[in-house]
Amino acid sequence: MMLTVLAICFCQADVEAVVLHNGTKIVGEIVENDERGVRLRRSGGNEMLCSPAEVRVVETHRSPRHQLGQSSLDRRDYEVALSELRQARDEEKRDWALREIDRLRYRAFLGKGDLDEAAKLYLEIAETRKDAEWLGEAPLVWAEDEALASNALAAARGWLHEERPLAQLIGASWLIGTAQHEDARVVLDELQTLEPRIGGLARAQLWRAPMTPPSTDDLARWRLSISRLPEPLRGGPMFVLAVAQRRAGLEKESAISYL
C-alpha cells in the first residue's frame, strides 16, 4: 500500500519547483517525482535529487483529469479513477507525469480487483523501475484465503514460463494452493538462486505452503531472512511469519510480527 510522502500545490504549467523543509526553493524542470524523491533539471542542465524527507512542497501542474483521477482513487471510486486517468494520460506530454499516472492506474486496477490488468501494468512499469520501493509494490499474494479470478489464474500460468524473473515470481505467487501448486513451487525454488531481493521474496512465498510445519528454529531462520531484505520488501514475508508463529502457539512473537 502506497503512502503519500510529498505535499503538492498547483501552480502555472510552465513553473516547477521544490520547496524544502528548510525554506529553500529550487526551481527547475521535474524529471522524476515518485517514492524515491524529486529529481530536478536546473537551468544549466545539471540534475539534483531531493529525498522525500527533504521535501515540503512540490510546485507543479497536474491536469484537471489527473487531479480527479487521484481524488477518485483516494475515495476508492476505482471505476471513475481509471476513466479519468486514461483520459489524463492521453492529454499528458511530460514523462514524469505519465509515469505517475501509470502508477495511479496500477493502484486503481488493484483496488478494483482487476489483478491481471494490474500485474500487466506493474510489469510494464518495472521495466524502468528496478528499485526496492517499486518491487515492494509487486502484486504478490500473501494471505492464504485470497481467491483469484479465472482470468488472473490463466495469466499466472503464462507468466510462470516467462523469461522475466519478476513475472515468474508473480505467476508462482498466484498459483500457490491451486492445481499448479507444484509447478509454482519448482519456479519459486529456482528463483531463490537469483539476486537477493527477488530470491528473498520467492523464499518467503514458499513459506506459505511448507512441506512440513515449521519448527521454532525454522521460524527464527525466517525472521533472519526477512531482516536481510530491504525494508520495502519486508511486509508480506513478515505477515507470513506472523501467521506461522500464531499457529505454533507463539502468540507474543506473532503479535510483534503483525505490528
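Scoring rules and cut-offs
- Residues numbered from 1 in each chain as written.
- Predicted model: local features only at pLDDT ≥ 70, side-chain atom pairs only at ≥ 80, totals over all residues.
- Heavy atoms only, no water.
- Phe/Tyr/Trp six-rings, centres within 6.5 Å; stacked < 30°, edge-to-face > 60°.
- Helix = DSSP H or I, 4+ residues; strand = E, 2+ residues; numbered from the N terminus.
- Buried < 20%, exposed > 50% of the residue type's maximum accessible area, 1.4 Å probe, protein only.
- 1 Å grid on protein atoms, 1.4 Å probe; cavity = no way out; pocket = protein on both sides within 12 Å on 5 of 7 lines; lining within 4 Å.
- Points joined across faces, edges and corners; volume = space filled by probe spheres on them.
- Nonpolar A, V, L, I, M, F, W, Y, C, P; charged D, E, K, R; others polar.
- Salt bridge = Lys/Arg side-chain N within 4 Å of Asp/Glu carboxyl O.
- Pairing = 2+ DSSP bridges.
- Axes fitted to C-alpha atoms, helices over the stretch in contact; angles between N-to-C directions.
- Left-handed = near helix turned anticlockwise from the far one by under 90°.
- Contact = heavy atoms within 4.5 Å.
- Core = buried A, V, L, I, M, F, W, Y, C linked by side-chain atoms within 4.5 Å.
- Polar contact = N/O pair within 3.5 Å; in protein donor to acceptor, adjacent residues only side chain to side chain.

J.: What am I meant to see in the packing of aromatic side chains here?
T.: Aromatic ring pairs are defined here through the distance separating the ring centres and the angle between the ring planes. Summed over all chains, the structure comprises six aromatic pairs. Ring geometry for Y122 against W134: centres 5.0 Å apart, planes inclined by 15°, an arrangement best described as stacked. With Y122 in helix α4 (residues 115-126) and W134 in helix α5 (residues 132-135), the pair connects residues that are twelve residues apart, well separated along the chain. Residue class for Y122 comes out buried when judged on its relative accessible area of 0%. Residue classification places W134 among the buried residues on the basis of a relative accessible area of 0%. With a centroid separation of 5.4 Å and an interplanar angle of 70°, the aromatic rings of W159 and W174 are classed as edge-to-face. Of this pair, W159 sits in helix α6 (residues 150-159) while W174 sits in helix α7 (residues 165-175), placing them 15 residues apart in sequence.

J.: Before we go on, may I ask you to explain the layout of surface pockets in this structure?
T.: Empty pockets left among the atoms are what a rolling probe the size of a water molecule brings to light. Of the pockets and cavities examined, the second largest pocket occupies roughly 270 Å³. Those elements that place two or more of their residues in the lining of the second largest pocket are α10 (216-227) and α11 (235-247). Here the lining of the second largest pocket takes six residues from α11, the largest share from any one element. Tallied by class, residues from the lining of the second largest pocket come to 13 nonpolar, no polar and five charged.

J.: Mind showing me how you'd approach the pattern of salt bridges here?
T.: Any two side chains of opposite charge can pair if their charged atoms end up close together. In the structure shown here, the tally under the stated rule is 26 salt bridges. The shortest N-O distance in the salt bridge between R164 and E127 comes to 3.6 Å. Taken together, the positions of R164 in the loop between α6 and α7 and E127 in the loop between α4 and α5 put the pair 37 residues apart, joining distant regions of the chain. With relative accessibility at 46%, the residue E127 sits in the partly exposed group.

J.: Where do I start with the sheet that holds strand β5 (residues 37-41) in this structure?
T.: The pairing of strands in a sheet comes from backbone hydrogen bonds and takes either a parallel or an antiparallel form. Taken together, the three strands give an open sheet; going across it, the order is β4-β5-β6, and neighbouring strands pair in antiparallel fashion. Only two strands of the sheet have a single partner each, and these edge strands are β4 (29-34) and β6 (47-50). Strand-to-strand twist of the sheet, defined as the mean angle between neighbouring strand axes without regard to direction, takes the value 15°. Across five bridges, β4 lies against β5 in antiparallel orientation. Pairing of D34 across the sheet is with G37, part of β5.

J.: Looking at this structure, how should I read the environment of S51?
T.: Here S51 shows up in the loop between β6 and β7 (55-60). Residues S51 and E127, spaced 76 residues apart in sequence, show a C-alpha to C-alpha distance of 22 Å.

J.: Sorry, what's going on with the packing of α7 against helix α8 (residues 181-191) here?
T.: The relative placement of two packed helices comes down to the angle between their axes together with the axis-to-axis distance. Their axes nearest at 9 Å, the elements α7 and α8 cross at an angle of 145°. Crossing handedness for the pair α7 and α8: left-handed. Between α7 and α8, the residues in contact are P165, Q168, L169, A172 and L175 and H181, A184, V187, L188 and L191, respectively. Taken together, the residues of the contact of α7 with α8 sort by class into eight nonpolar, two polar and no charged.

J.: Help me understand the side chain of Q245, please; the structure alone is not making it clear to me.
T.: Examined against the element boundaries, Q245 turns out to sit in helix α11. If we ignore the near neighbours within four places in the chain, the residues touching Q245 are L219, R223, L250, E253, S254 and S257.

J.: Help me understand the nonpolar core in this model?
T.: A general feature of soluble globular proteins is that nonpolar side chains tend to end up buried together. Y122, W159, L166, L169, I170, W174 and L188 are the most contacted members of the largest nonpolar core, which has 59 residues in total. Among the elements that line this core, the one with the most residues is α4, at eight residues. By size, the runner-up hydrophobic cluster in this structure holds eleven residues, among which are L20, I26, I30 and C50.

J.: Sorry, what's going on with helix α9 (residues 196-206) here?
T.: Counting along an α-helix, one turn takes 3.6 residues, and residues three or four places apart therefore face a common direction. Counting buried positions along α9 gives eight out of eleven residues, so the element sits mostly inside the fold. Regarding α9, the residues found buried are I198, G199, G200, L201, A202, A204, Q205 and L206. Taken together, the buried residues of α9 touch α5, α7, α8 and α11. The backbone nitrogen of R197 has a side-chain oxygen 3.0 Å away, supplied by the residue at the start of α9, namely E195.

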